[in-house]
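What follows is the residue order along each chain.
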Amino acid sequence: MNIFKVKINFEEKGHETIELPIAEGESVLDVCLENGIELQHNCGGVCGCSTCHIYVNKGMDNIQEISDKEEDFIDRAVNPRITSRLGCQCVIIDGDIEVTLPDQSGFMGH
């Protein structure tokens, strides 16, 4: 199994950029949760909502291609961009990536 790096930037104030290992086949959501980084995931990480919405800054070729289902949920996300993906579907296939987590403080429960 290959190990790569994911650099995580945060829009939310008070959070420093962090770089973590990510294994081939692992999702950005999984890495966040394993490392105590709050990334909402109301559906449990099964591509059933848009709460784990992230932006991929670098390495789009190093993750699985976007599905039609994921595209539909991204359309419902807050402030979607051309580089938007869902953290649960952002699965590493080969190489490092850099992402930005949108501000999570506006979600219920915060």
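Before reading on, note that the structure itself is shown above.
Scoring rules and cut-offs
- Residues numbered from 1 in each chain as written.
- Predicted model: local features only at pLDDT ≥ 70, side-chain atom pairs only at ≥ 80, totals over all residues.
- Heavy atoms only, no water.
- Phe/Tyr/Trp six-rings, centres within 6.5 Å; stacked < 30°, edge-to-face > 60°.
- Lys NZ or Arg CZ within 6 Å of the ring centre and 35° of its normal.
- Helix = DSSP H or I, 4+ residues; strand = E, 2+ residues; numbered from the N terminus.
- Buried < 20%, exposed > 50% of the residue type's maximum accessible area, 1.4 Å probe, protein only.
- Pairing = 2+ DSSP bridges.
- Axes fitted to C-alpha atoms, helices over the stretch in contact; angles between N-to-C directions.

**A look at the packing of aromatic side chains**
And step 1. For the structure on display, the rule yields zero aromatic pairs.
And step 2. Its end group placed over the ring of Y55, R81 keeps NZ or CZ at 3.7 Å from the ring centre.

**As for the environment of I54**
And step 1. The residue I54 is located in strand β3 (residues 53-58) in this model.
And step 2. The buried category is assigned to I54, whose relative accessible area is 0%.
And step 3. C-alpha of I54 to C-alpha of R81: the two residues are 27 residues apart in sequence and 9.4 Å apart in space.

**Thoughts on the sheet that holds strand β2 (residues 18-23)**
And step 1. Taken together, the five strands give an open sheet; going across it, the order is β2-β1-β5-β3-β4, and neighbouring strands pair in mixed fashion. Two strands bound the open sheet, and with one partner strand each, they are β2 and β4 (84-86). Taking each pair of neighbouring strands and ignoring which way they run, the sheet shows an average axis angle of 40°.
And step 2. Note that strand β1 (residues 3-10) and β2 share six bridges and pair antiparallel. Bridging across to β2, V6 finds its partner in L20.

**Describing the environment of D75**
And step 1. One can find D75 in the loop between α2 (68-74) and β4.
And step 2. Since its relative accessible area comes to 62%, D75 is described here as exposed.
And step 3. For the pair formed by D75 and S50, sequence separation is 25 residues and the distance between their alpha carbons is 8.5 Å.

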